[in-house]
Each structure stands twice: as structure tokens, then as C-alpha cells.
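This is what each chain is made of:
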Amino acid sequence: MVNITIIGGGSSTFTPQLIRLFIESEVLNGSTITLMDINEHRLKVMESLSKQFVKKEKADLKIETTTNQKESLVDADFVITAIAVGGNDAWEVDIELPAKYGIYMHVGDSIGPGGMMRAFRHIPVLVSVGKDLEDVSPDAFVFNYTNPVTANTMAMRRHTKIKTFGLCSCSSIPRNASYLSKLLSVNPEELAIPMPAGGINHCAAILEMRFKDGTDAFPIAKERIKNPVQKWALENYGILPYCWTHWTEFFPALCKLEEEYNGRLQGLKMKYGMHVHDMTRERERVKKWESLVEKMALGEGEVSLDVLPRGESMEVVQIIESILENRNEIHVVNVPNNGAISNLPEDAIVEVSCIVGRYGIQPIHVGNLPEPIAATLTNHIATQKLTVEAAVTGDRDAAYRAFLQDPQVSSKLTLEETERLLDDMLNAHAKYLPAFFKR
């Protein structure tokens, strides 16, 4: 009997994939899944749909819902957080407002001005989840999918006593033989999986790549991989970025427009075949899923797991199973460093290969990253620490120091421009940032 709570359980894109995975898991038979969300309408829709899925598949699962956060966490064994304070409207501001200052970013959800503002919005909520768990379920595991994963996980680790870990769909790639074999044009059965990985979320890499016979696969990777960002990292540093589109944001030299900016950044073409994330398309995607989910919930369409994404990159259920059954599997998880990556700060949150079993989630020592990469990530980690401080305290001066430290900001703006951008963004998101405006 396992109790799992989803904070942000009204999501029409995230929750159905999780429900499918729960239904397909024999290990989780008999479990109670509690959906918690502050949006009552979306929560009711997801409750109806989830219960229909469970009934149709004759799954041994119990679905409960509540808008009360603390109530949802009582007796929880595992908690999954996937929230979006401000939603797509706030995300749009995170992309467009920095663009007025000449900062052009592909996604803007991890670092840079957008990533920091997202952290300011999310960290107070996530810390409150941890504080509630301290009261009602202090031994629970928390798996955070909310971006920016690194700063959010750092905040929950520093300001609560709860076992919090960060997960990301990208971090499944070092285990994905099918994807990696296509990248190298080899038979997936030949590859030694999972491959050792390390870095920080959205800027981590496969550190070693071998065939089952022990042969180094990096020479073949250098020869056959055509993606320019991955090729650049392979040739210069001997590592393979597995979330390469996000990598570009961590290096301002890789983050360049190929179309002229005329007041709207979204959708514009960037180098390396990328386009800036477009909220119009994002809203259409969400609307499509919401419409589909609502129709099924109202009985206007066939209720079938087959219409849902398989969620193959969402490893949280495998990780829960590995803990419950002491499988000691290797997964890439965001955890406190504690020496796993020798040349990154001990107190950093790193994305690294870990052993997962009944003794928890233990990072594997992977040694040093290439020194130039470690230097870049150390700077980002310093920014993340300042970001967490600002988010928890609502200290505008700490936020200013975080903006000054960020490579995207410092490479493009003067001190005065940095201050104006910060104040513009704080004011634009004021309703989601009570700590900054408490006075």
C-alpha cells in the first residue's frame, strides 16, 4: 500500500501520462494516488478521467483529489511536484521582456533572466510543500519536475529537511539504448547501458560511452554525430551533451538569432536549427490536450490509454519501483553533489548517475568534468545559490546579485541595464512574487 501525491495534479499533459504509468506498474497495485491542484475545474476533469482509466483497465488503484496542499501530503510515501505558477502567460514574459534588452534565449526556463524569475515564482511554493511534509510525512521522497530543476531542488534541500530529488525527461537518455544507437548508427544491443553521466540539469553530458565488449564508442560518435552542438562538445571536451538544445543557453556564444528581432522573439530562428519557444503553439498544444481530456472525462470519446503519450522519458515510476523493490538500478537524478563530481562544489545540486534502491538514491562518483565545463557550471551554480537566497527571502538586492552573476545577463548588459531589467521583470510578475512586495 503506497501513497503517491501529485502536486499540480490538474495538469492535462503531465498527469495522464503518470496515471498511465501507474496503471501499467504491477509494483504499485493497491496504491492510492492523490491529485492536488489549486485549480478546481482542472482537478475535477483529471479526477474524472483518471477514475475512468482505472475502471476501464481494472487497475487496483485508488484516486483521490483535494485543493488542500497539506491534506494531500498526509501519509504520503512519494510526492511528485509539477507546478507552473503563472502558466504560459508568465513564461511568455520570461522570454519576451529580456529580448527587449537584447537577451535572446531558446526556452528561458532554466537559467538567464527567465529561469531566475521562474525560480522566484516556484521556490516559495515548493518550500511550503517541504514544510508541510515535515509536519505530516517527514520520511517521504519528493521528486521535482518543476523547472528550474536545479534551483528548485537546491531550495527544498536547503530550507526543508525532506528528501528531495530533481528529475527531468532529458535525464533518461543515458539509459535509452534505442535513442543512442540511432545517434551512432549501431545496434542497440551492442551498447553498454546505462552510460555514466554528470553535470547540472539541462547542461549535463554522457561522460563515457562504450560497447559491451569494452570498446570506446566516442571515436564513432565523433565521426557519425552531425549535430553541431554535440559535435563541438565531443571534439573539444570529449563528452556528449544529451539535452543539447538546453545546453546552448548555458553558453552565450551558442545562443544566437538567425532572424532579425523586431519586437517579438517567440518563433524566431536561432542557430543550429532551433526556434525560440512559442507560447502560441504551447497554448494550442495544451488546449488540444485539455479538449481531449475533457471529452473523455465527459464520456464523449473513447477512454483509452492508447491516446496518451507513453511517458517513456518519465522515469519517476521506475525510480519508485526501484526503491520499493531494492533493485539498485542506475538512473540519472539531480542530487546534492557531495563529491560525486570532483571539480564542482560539494553543496551543488548535480545531475549525475545514481544507484536507486531501498537505501535511497546514492550518487556514483564519476570524477572530474573537463575543467572548462566545470568552470562554466561553477559560475552557474553560484548564480543558482543567489537565486535561491533571493526567492526565499524576497530580497531584491540578492536578486540583483543573481542577475549580475548570470552569464547571459553579464555578457550583454551594463550594470544599469541589469538593474532596470530586474525591476521590469519583478514588476511584471508582481502578483506571483508576494515576498518581494511584502513591504
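Predicted model only: the values in this text are computed from it and were never measured.

Asker: With reference to specific residues and values, describe the overall build of the protein chain.
Answerer: If you tally the helices and strands in the protein chain, you get 16 helices and twelve strands. Rg of the C-alpha trace for the protein chain: 21 Å, near the compact-globule value of 22 Å for 439 residues, within the 12% margin. The principal-axis extent of the C-alpha atoms belonging to the protein chain is close to 65 × 55 × 40 Å. A separation of at least 24 residues holds for 68% of the contacts in the protein chain among residues at least 6 apart in sequence. Working note: accessible area of the protein chain is about 18000 Å², and carbon and sulfur atoms make up 48% of it. In the protein chain, 46 side chains carry a positive charge and 57 a negative one; their mean positions are 2 Å apart.

Asker: Quick one: what's the story with the packing of aromatic side chains, residue by residue and with numbers?
Answerer: The tally for this structure, following the rule as stated, stands at eleven aromatic pairs. Their ring planes at 80 degrees and their centres at 5.4 Å tell us that W232 and F251 sit as a pair that is edge-to-face. Separated by 19 residues along the polypeptide, W232 in helix α9 (residues 228-237) and F251 in the loop between α10 (244-250) and α11 (279-297) bring together distant segments of the chain. Assessed through its relative accessible area of 23%, W232 is described here as partly exposed. Here W247 and F251 contribute two aromatic rings whose centre-to-centre distance is 5.5 Å and whose plane-to-plane angle is 15 degrees, an arrangement assigned as stacked. In this structure, W247 and F251 share a single accessibility class: buried. Connected via pairs of aromatic rings, a cluster forms that spans F78, F141, F143 and F165. Directly above the aromatic system of W91 lies the positively charged group of R118, at a separation of 4.6 Å from the ring centroid. Sitting above the plane of the Y400 ring, R396 keeps its charged end 5.6 Å from the centroid.

Asker: Now, about helix α4 (residues 87-99): what can you tell me, with residues and values included?
Answerer: Here α4 spans 19 Å end to end across 13 residues, near enough to the 18 Å set by a 1.5 Å rise per residue. Those residues of α4 that fall on the buried side of the exposure criterion are N88, A90, W91, D94, I95, E96, L97, P98 and A99. Elements that come into contact with the buried residues of α4 comprise α5 (112-136), α11 and α16 (415-428).

Asker: Account for the state of the cysteines, with residues named and values stated.
Answerer: Evaluation of the coordinates by the stated rule reveals one disulfide. Between the sulfur atoms of C170 and its disulfide mate C243 the distance is 2.2 Å. With a gap of 73 residues between them, C170 in the loop between β6 (163-166) and α7 (177-184) and C243 in the loop between β9 (240-241) and α10 connect regions that are remote in the sequence. Its relative accessible area of 16% is what places C170 among the buried residues. The thiol of C168 is not disulfide-bonded; the next cysteine sulfur, from C170, is found 4.1 Å away.

Asker: Mind laying out the side chain of S171, listing which residues take part and the relevant values?
Answerer: Of note, S171 is situated in the loop between β6 and α7. Note on S171: relative accessible area 1%, which makes it buried. A polar side-chain atom of S171 sits 2.6 Å from the main-chain carbonyl oxygen of C168. In contact with S171, not counting residues within four places along its chain, are Y242, E315, V332 and E351.

Asker: Could you give me a rundown of the pattern of salt bridges, with the residues and numbers involved?
Answerer: A side chain with one charge may pair with a side chain of the opposite charge, provided their charged atoms come close. Within the structure shown, the criterion is met by 21 salt bridges. Note that R20 and E24 form a salt bridge whose closest N and O atoms lie 3.0 Å from each other. Of the two residues, R20 and E24 both sit in helix α1 (residues 14-24), four residues apart, roughly one turn of that helix. Among the ionic pairs, D278 bridges to R264, the shortest N-O distance being 3.2 Å. Remark: R264 occurs in the loop between α10 and α11 and D278 occurs in the loop between α10 and α11; sequence separation between them is 14 residues. Among the charged side chains, a salt-bridge network with shared partners connects E321, E325, R327 and E329.

Asker: How would you explain unusual backbone geometry if you had to name every residue and give the values?
Answerer: With an omega of -5 degrees, the peptide bond running from N147 to P148 counts as cis. Looking at the element boundaries, P148 is found in the loop between β5 (141-144) and α6 (149-159). In the segment running from I193 into P194, the intervening peptide bond is cis, with an omega of 0 degrees. By the element assignment, P194 lies in the loop between α7 and β7 (197-200). Despite not being glycine, N328 shows a phi value in the positive range, around 55 degrees. Residue placement: N328 occurs in the loop between α12 (316-324) and β10 (329-336).

Asker: For the packing of α4 against α11, give the residues involved together with the corresponding values.
Answerer: Between α4 and α11, the shortest axis-to-axis distance is 10 Å and the interhelical angle comes to 165 degrees. Between α4 and α11, the interaxial angle falls into the category roughly antiparallel. In this structure, the crossing between α4 and α11 has a hand that is right-handed. Residue-level contacts link N88, D89, W91, E92 and I95 of α4 to M279, E282, R283 and V286 of α11.

Asker: Account for the pairing of β6, with residues named and values stated.
Answerer: Here β5 pairs with β6 via four bridges, running parallel. By the bridge assignment, F143 is partnered in β6 with F165. For the crossover from β5 across α6 to β6, the handedness is right-handed.

Here is what the cut-offs are and how they apply
Residues numbered from 1 in each chain as written. Predicted model: local features only at pLDDT ≥ 70, side-chain atom pairs only at ≥ 80, totals over all residues. Heavy atoms only, no water. Helix = DSSP H or I, 4+ residues; strand = E, 2+ residues; numbered from the N terminus. Rg over C-alpha atoms; globule rule 2.2 N^0.38 Å. Contact = heavy atoms within 4.5 Å. Areas by Shrake-Rupley, 256 points an atom, 1.4 Å probe, with all protein chains shown as cover. Lys, Arg positive; Asp, Glu negative; His and termini not counted. Charge placed at Lys NZ, Arg CZ, Asp CG, Glu CD. Phe/Tyr/Trp six-rings, centres within 6.5 Å; stacked < 30°, edge-to-face > 60°. Buried < 20%, exposed > 50% of the residue type's maximum accessible area, 1.4 Å probe, protein only. Lys NZ or Arg CZ within 6 Å of the ring centre and 35° of its normal. Expected span 1.5 Å × (residues − 1). Disulfide = S-S within 2.5 Å. Polar contact = N/O pair within 3.5 Å; in protein donor to acceptor, adjacent residues only side chain to side chain. Salt bridge = Lys/Arg side-chain N within 4 Å of Asp/Glu carboxyl O. Axes fitted to C-alpha atoms, helices over the stretch in contact; angles between N-to-C directions. Parallel < 35°, antiparallel > 145°, perpendicular 65-115°, else oblique. Left-handed = near helix turned anticlockwise from the far one by under 90°. Pairing = 2+ DSSP bridges. Right-handed = clockwise from strand over helix to strand, strands pointing away.

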